[in-house]
Amino acid sequence: KGFNLRTPGRELDVHIARLVEAYKNGAQVPPIDAVVVDGTIVARDGHCRTTAAKIVRKEIPDFTVEIRQFRGNDVDAVVHMLGTGTGQKPLSPLEAGMGFLRLIKLGLTPVAIAAKLGITRVTVDNGVTLAEAPSELQKMIIDEEVSATTVRDAIKAGPEAVRALKEKV
């Protein structure tokens, strides 16, 4: 849901399309980690696999996937998602930054996030910069008009650099 598989070059869409083909061909795909919320199964990790499975189910109604119960709190869930986002389709710097920002909102410090994930504090700070960037700049990254590094560097350089980047793109 929410992804247009007809948009060529979109990394996430390509990844989901590959998962659809993998499911159809009977490939081994890791299980989806989920929790039950008010009687509904909700993916905690495996959102792309869930999207791909829904696509396959439209074509093959008796198609099933393996789902395992996730155990832990909200912090555990985000840390798990960030840790597993290094598999088939690694998280983009913007996606990782959004995860870091979620953890900050849940009360973790950037230092604690870095320690839990085995990454540097600079990686966390850079990701948060992207997660807090104006949506217009985030859209440029998502649409692959400009790299996450370019956006981050423009933000750090100040409003004039951001303005110049917007004009250039």
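Scroll up for the structure.
Notes on the structure follow. (Residues numbered from 1 in each chain as written. Predicted model: local features only at pLDDT ≥ 70, side-chain atom pairs only at ≥ 80, totals over all residues. Heavy atoms only, no water.)

### Section: the packing of helix H4 (residues 93-105) against helix H5 (residues 110-117)
Definition in use: To get an axis, a line is fitted to the C-alpha atoms, and for a helix only the part in contact is used. The angle between two axes follows their N-to-C directions and goes from 0 to 180 degrees. Strands are runs of DSSP state E lasting at least 2 residues, helices are runs of H or I lasting at least 4, and numbering of each runs from the N terminus. Geometric relationships in this document are graded by angle, where less than 35 degrees denotes roughly parallel, more than 145 denotes roughly antiparallel, 65 to 115 denotes roughly perpendicular, and other angles denote oblique. Less than a right angle of anticlockwise turn of the near helix away from the far helix marks a crossing as left-handed, whereas a clockwise turn marks it as right-handed. Contacts: residue pairs with any heavy atoms within 4.5 Å of one another. Under the scheme applied, nonpolar residues are Ala, Val, Leu, Ile, Met, Phe, Trp, Tyr, Cys and Pro; charged residues are Asp, Glu, Lys and Arg; polar residues are all the others, including Gly.
Running from amino to carboxyl end, H4 crosses H5 at an angle of 120°, the nearest separation of the two axes being 10 Å. Taken together, H4 and H5 sit at an angle that is classed as oblique. When the axes of H4 and H5 are compared, the crossing they make is right-handed. Listed contacts from H5 to Phe-100, Leu-103 and Ile-104 of H4 are Pro-110, Ile-113 and Leu-117. Tallied by class, residues from the contact of H4 with H5 come to 6 nonpolar, no polar and no charged.

### With respect to the packing of aromatic side chains
Basically, it comes down to this: Classification of ring pairs uses Phe, Tyr and Trp, with its six-membered ring standing for Trp, and accepts pairs whose centres are within 6.5 Å; under 30 degrees between planes counts as stacked, over 60 as edge-to-face, and the remaining range as tilted. Buried means the residue's accessible area, taken with a 1.4 Å probe over protein chains only, is under 20% of the maximum for its type, while exposed means over 50%, and partly exposed covers the values in between.
This model, assessed by the stated rule, comprises 1 aromatic pair. Ring geometry for Tyr-23 against Phe-63: centres 5.1 Å apart, planes inclined by 65°, an arrangement best described as edge-to-face. A residue pair is termed long-range when its members are at least 10 positions apart, and Tyr-23 in helix H1 (residues 11-24) and Phe-63 in the loop between helix H2 (47-59) and strand E3 (67-69) qualify at 40 residues. Neither Tyr-23 nor Phe-63 differs from the other in exposure class; each is buried.

### Observations concerning the sheet that holds E3
Note the threshold: Any two strands with at least two DSSP-identified bridges between them are counted as paired.
Reading across from one edge, E2-E1-E3 is the order of the 3 strands in this open sheet, with mixed pairing throughout. Looking at strand neighbours, the two that pair on one side only are strand E2 (40-45) and E3, the edges of this open sheet. Neighbour-to-neighbour, the strand axes of the sheet open up by a mean angle of 50°, direction not taken into account. Here strand E1 (residues 32-37) runs beside E2; their pairing, made up of 5 bridges, is antiparallel. Bridge pairing links Asp-33 to Asp-45 in E2. Sitting on the sheet, H2 touches E1 and E2, and the angle it makes with E2 is about 130°.

### Here's the deal with the pattern of salt bridges
Note the threshold: One speaks of a salt bridge when a side-chain nitrogen belonging to Lys or Arg is within 4 Å of a carboxyl oxygen belonging to Asp or Glu.
Overall, the coordinates contain 8 salt bridges when judged by the stated rule. Among the salt bridges present, the one from Asp-45 reaches Arg-49, with a minimum N-O distance of 3.3 Å. An identical accessibility class is assigned to Asp-45 and Arg-49; each is buried. One salt bridge in this structure joins Arg-152 and Asp-153, with 3.0 Å as the shortest N-O distance. A relative accessible area of 18% means that Arg-152 is categorised as buried.

### Considerations on the packing of H4 against helix H6 (residues 121-131)
Across the interface, H4 lies against H6 with an axial gap of 7 Å and an inter-helix angle of 95°. In terms of axis orientation, H4 runs roughly perpendicular to H6. Within the contact between the two elements, H4 uses Pro-93, Leu-94, Gly-97, Met-98, Phe-100, Leu-101 and Ile-104 and H6 uses Thr-123, Val-124, Gly-127, Val-128, Leu-130 and Ala-131. Class assignment of the residues belonging to the contact of H4 with H6 gives a composition of 10 nonpolar, 3 polar and no charged.

Any functional reading would require information that these geometric values do not contain.
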